Amino acid sequence: MSLTRLLPPLCSPALFVFALLPVMLIGLTAKGGIAAMDRWTPTHLDLEVRLDPEREVLETRGSLTLRCDDENSSGPVLALNGRDPVTEFVEIEGPDVAKAELNELDPEDEALRLARITLREPAVKGDQVELRFQCAMQGKGFQIRVDPDIATASWTDGWYPAPVDDDDRSLSQRMAAPGRTTLHLPREWTSLTEGRFVRREEAGETATEEWQLEVPMARSFAAGPYVVAREQFGDRDVSVYLLEADPPTAKRQAEVLANAIEAMETRFGAFPYPSYGIAQVPAGRFSWSAASQQGLILADPTCFIGEEGNLPLFAHEAAHAWWGNLVGTRGPGSILCSESLAQYGAVVAIEGVRGVEAATDFLRFSAPGYSPQQCAKGYFEIVAMGEDRPLSELGSGGWQHQLSDAKGHWVYHMLRRRVGDELFFATLRGLIETYAGHQMDLDDLRAAFLDAAPSELHLTRFFEQWLDRVGAPDLEVEWSVSAAGTVEGIVRQLQPADPYDLDVDLLATAADGHEVGSVVLQVSDRETPFSLPVRDPATELIVDPDYRILRWLPEYGNRPTFESASSSPGDRPAVKSPQEAEGRISDFEGGHIASGFGSGWRSSCDQVFGGASSAAVELADGGAEGSAHALRIYGELKPGAPLLFGGAMFYPGDEPMASSDLSAWSGLRFRARGSDRDYVLGVFTSANPSMPQTKPFHASGDWTEVRVDFREFEGLDSSDVTAFFFGASQDPGPMELWIDEVRLVEHVSR
């Protein structure tokens with residue numbers, strides 16, 4: 001048995017979609033080694049793109065108009081590239097250009113290529129300068145590449161010139177301008193980019209497609225042999241580009257995407273873009289599963305499973321049009337203003353398209369094809385792993401990103417309930433109006449709601465308990481029926497931290513299930529008594545029947561203690577290297593699921609394929625050789641996906657799927673026991689982000705040692721390991737695997 005194609009890391013295409021957004025705010029920013037630059041703003045951009053799939057290169061020509069926004073300037077500085085040095089300037093000219101120094105290097109950023117323009121006459125504020133440029137790309141980058149079967153370019157890769165200055169404008173703002181995009185393609189290809197599709201012309205083996213953009217946007221594109229469904233919804237074009245699908249499937253997915261945007265538009269206000277689309281990219285081609293652009297999404301085949309596609313993913317990425325793109329973010333906790341709000345956009349879309357019950361299920365348990373950790377159940381898994389932190393202190397990427405999406409959208413859901421729909425969405429629309437084209441921080445968001453809401457709603461306390469501390473409530477109710485027939489009882493808060501200030505719904509029902517009484521109880525102490533009059537004899541009392549509070553429930557796993565979570569990231573030990581940890585990954589003896597290096601453990605399963613399997617991890621009593629604890633990995637493999645699997649992932653890098661150099665180690669060893677069946681150890685690398693190499697092992701009731709030599713994996717580059725998978729594959733049925741004493745094995749020569 002072998003695992004031929006394991007899921008993208010963390011069982012989550014969405015993770016990589018969401019993790020890409022912060023990249024949009026870096027790059028194309030000259031560092032300290034480059035002299036200060038004046039501020040110039042794009043006002044118009046015409047791009048002409050020539051693709052050569054056989055040579056795997058991209059040539060770009062264009063006309064860029066810039067406005068001087070300083071009192072005077074000798075000329076602008078333009079930049080290319082984001083993460084990777086794949087694009088260079090070939091030529092820059094214009095009627096006002098005296099000299100253009102091309103491809104200057106930034107000593108603090110090896111990817112950047114700068115063009116320093118000297119004008120014939122210094123410009124004053126308001127002057128506009130037109131530049132004609134030519135650039136060429138050779139090589140492949142994070143989201144930019146030309147292959148024989150596909151071509152993509154993301155604005156986050158800086159594939160066309162943008163002005164650089166010392167201002168705090170985001171990269172997307174510096175790259176945004178209206179204008180025309182013309183793409184020259186192989187005849188059998190078609191393209192997707194921002195703006196409205198204008199025309200297509202064919203001549204010989206070549207096709208030319210033209211797009212017109214009327215609003216300032218940073219541009220990306222995808223091109224390939226697509227099956228296209230382009231739908232018109234009012235004044236908006238919505239499209240889905242599939243590499244392998246019947247046109248009816250593409251049409252239905254375009255309808256689902258359009259419905260998601262419409263549902264969010266009723267809440268957040270007008271969608272900022274004239275069009276929106278999703279383009280499929282081949283499986284395993286990139287180190288991410290999906291990537292959000294300004295007006296489109298690039299996504300691998302896992303995001304298109306089923307006739308309707310992936311509504312939560314589509315909605316989350318479309319919500320970034322408002323949160324993260326139109327409204328930028330800055331400062332600690334600002335991920336709550338982008339990723340968490342985009343995640344709540346998915347809640348709004350599911351609610352509008354499929355109803356309140358479906359939205360509640362998503363809040364609690366995520367959805368098929370979406371990250372199973374970005375929900376209430378996932379949040380308590382994060383807590384069990386010792387990764388809980390105050391949301392107001394989060395940065396971006398890795399586990400912090402997961403935490404923002406697992407807990408952050410719940411905070412907005414609870415805030416909505418407290419202030420009511422009208423005030424909640426009106427305040428969000430006000431923030432969009434105020435900060436459109438600018439950056440917003442978490443304090444700005446707090447202040448807006450504090451100003452809008454009546455003081456009796458106690459939002460200061462609400463924000464403090466949900467943003468500035470770790471944890472969540474753990475409620476217990478004790479009740480009985482008095483002689484008079486009234487339900488009497490006490491609601492207790494069991495979490496070790498201070499009590500929360502909550503509005504708790506209590507619902508009493510009779511034996512046949514009909515409601516006999518209800519109350520909204522204000523709970524703020526460790527114990528809160530209540531008395532509930534009922535119309536008929538009560539046989540059951542339900543706490544929070546509509547799941548409006550993020551609180552622990554047994555279906556979310558073991559009851560959390562929250563004792564292992566530090567109050568701030570500063571209390572957390574520094575991340576060690578494998579060498580500093582002497583190869584020790586985990587012995588699980590610290591009271592929570594921790595690791596000696598890397599970014600920890602996560603559950604993983606086939607749900608991103610739309611599968612039905614489940615997987616969870618927990619700290620369990622009874623480790624190997626009489627030790628106190630081990631990691632219990634449990635779940636069930638169920639038919640419903642192209643590949644069945646469930647288990648746990650360990651990430652040796654400083655964030656999930658970051659590359660880690662393990663070449664100083666010869667292999668891996670660990671103790672294992674479990675249900676009597678075959679399991680696999682999988683190894684991911686950057687070169688194969690969704691297709692690990694695997695080795696089988698067997699586990700039964702007794703602890704045994706498993707040793708795997710890296711040389712057993714054909715062609716494995718152990719200097720580029722991104723994740724290890726421990727779990728079951730293919731064979732349906734329950735699985736329970738315990739592992740302990742997980743560590744790297746030193747080379748004999750050492």
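Residues numbered from 1 in each chain as written. Predicted model: local features only at pLDDT ≥ 70, side-chain atom pairs only at ≥ 80, totals over all residues. Heavy atoms only, no water.

## Thoughts on the overall build of the protein
Next, step 1: Scanning the protein from terminus to terminus reveals 11 helices and 41 strands.
Next, step 2: The globule rule puts the C-alpha radius of gyration for 750 residues at 27 Å, and the 27 Å found for the protein is close to it.
Next, step 3: The principal-axis extents of the C-alpha atoms in the protein amount to approximately 90 × 70 × 50 Å.
Next, step 4: Every one of the 750 residues in the protein was classed for burial, and the buried ones make up 60%.
Next, step 5: Contacts spanning at least 24 positions in sequence make up 72% of the contacts within the protein whose residues lie at least 6 apart.
Next, step 6: Measuring between centres, the 64 positive side-chain charges of the protein sit 1 Å from its 115 negative side-chain charges. (Helix = DSSP H or I, 4+ residues; strand = E, 2+ residues; numbered from the N terminus. Rg over C-alpha atoms; globule rule 2.2 N^0.38 Å. Buried < 20%, exposed > 50% of the residue type's maximum accessible area, 1.4 Å probe, protein only. Contact = heavy atoms within 4.5 Å. Lys, Arg positive; Asp, Glu negative; His and termini not counted. Charge placed at Lys NZ, Arg CZ, Asp CG, Glu CD.)

## A short note on the sheet that holds strand S27 (residues 502–509)
Next, step 1: A sheet is described by the order of its strands in space; here 3 strands give the open sequence S28-S27-S30, paired in antiparallel fashion. The open sheet is flanked by strand S28 (515–523) and strand S30 (540–543), the only strands paired with a single partner. Direction aside, neighbouring strands of the sheet carry axes that sit 20° apart on average.
Next, step 2: Alignment of S27 against S30, held across 4 bridges, turns out to be antiparallel. Of the residues in S30, the one forming a bridge with Ala 508 is Leu 541. (Pairing = 2+ DSSP bridges. Axes fitted to C-alpha atoms, helices over the stretch in contact; angles between N-to-C directions.)

## Looking at the nonpolar core
Next, step 1: Residues Met 264, Phe 268, Phe 424, Leu 428, Phe 449, Trp 466 and Leu 550 are the most contacted members of the largest nonpolar core, which totals 106 residues.
Next, step 2: Those residues within four positions of Leu 428 in sequence are excluded, and the remaining contacts are Phe 268, Trp 323, Leu 341 and Phe 449.
Next, step 3: The next biggest cluster of nonpolar side chains, apart from the first, holds 55 residues, and it includes Trp 155, Trp 189, Ala 222 and Ala 291. (Core = buried A, V, L, I, M, F, W, Y, C linked by side-chain atoms within 4.5 Å.)

## Considerations on the packing of aromatic side chains
The geometry of an aromatic ring pair is captured by two quantities: the separation of the ring centres and the angle between the planes.
Next, step 1: Counted by the stated rule, this structure contains 29 aromatic pairs.
Next, step 2: A ring pair is formed by Phe 271 and Tyr 273, whose centres lie 5.6 Å apart and whose planes are at 80°; its orientation type is edge-to-face.
Next, step 3: We classify Tyr 273 as buried; its relative accessible area is 7%.
Next, step 4: An angle of 45° between the planes, with centres 5.2 Å apart, marks the rings of Trp 601 and Phe 650 as tilted. Highlighted residues: Trp 601 in strand S32 (residues 600–605) and Phe 650 in strand S35 (residues 645–651), separated in sequence by 49 residues.
Next, step 5: What links up through ring pairs into an aromatic cluster is the set Phe 268, Phe 271, Tyr 273, Tyr 276, Trp 322, Trp 323, Tyr 344, Phe 424, Phe 425 and Phe 449.
Next, step 6: Across from the ring centre of Phe 142, 3.9 Å away, lies the NZ or CZ of Arg 83, which sits over that ring.
Next, step 7: Lying over the aromatic face of Tyr 500, Arg 469 brings its terminal NZ or CZ to 4.0 Å of the ring centre. (Phe/Tyr/Trp six-rings, centres within 6.5 Å; stacked < 30°, edge-to-face > 60°. Lys NZ or Arg CZ within 6 Å of the ring centre and 35° of its normal.)

## Side note on the environment of Met 414
Next, step 1: Residue position: Met 414 is located in helix H8 (residues 398–419).
Next, step 2: Setting aside chain neighbours within four positions, we find Met 414 in contact with Phe 462, Trp 466, Arg 548, Ile 549 and Leu 550.

## Some words on helix H7 (residues 376–384)
Next, step 1: Most of H7 is tucked away: 7 of the 9 residues are buried.
Next, step 2: Along H7, the positions that sit buried rather than exposed are Ala 376, Gly 378, Tyr 379, Phe 380, Glu 381, Ile 382 and Val 383.
Next, step 3: Following H7 by one or two positions, Gly 386 adopts a phi angle in the positive range, close to 75°.

## A look at the side chain of Glu 231
Next, step 1: Position of Glu 231 relative to the elements: it lies in strand S18 (residues 227–233).
Next, step 2: A distance of 3.1 Å separates polar atoms of two side chains, one belonging to Glu 231 and the other to Lys 251. (Polar contact = N/O pair within 3.5 Å; in protein donor to acceptor, adjacent residues only side chain to side chain.)

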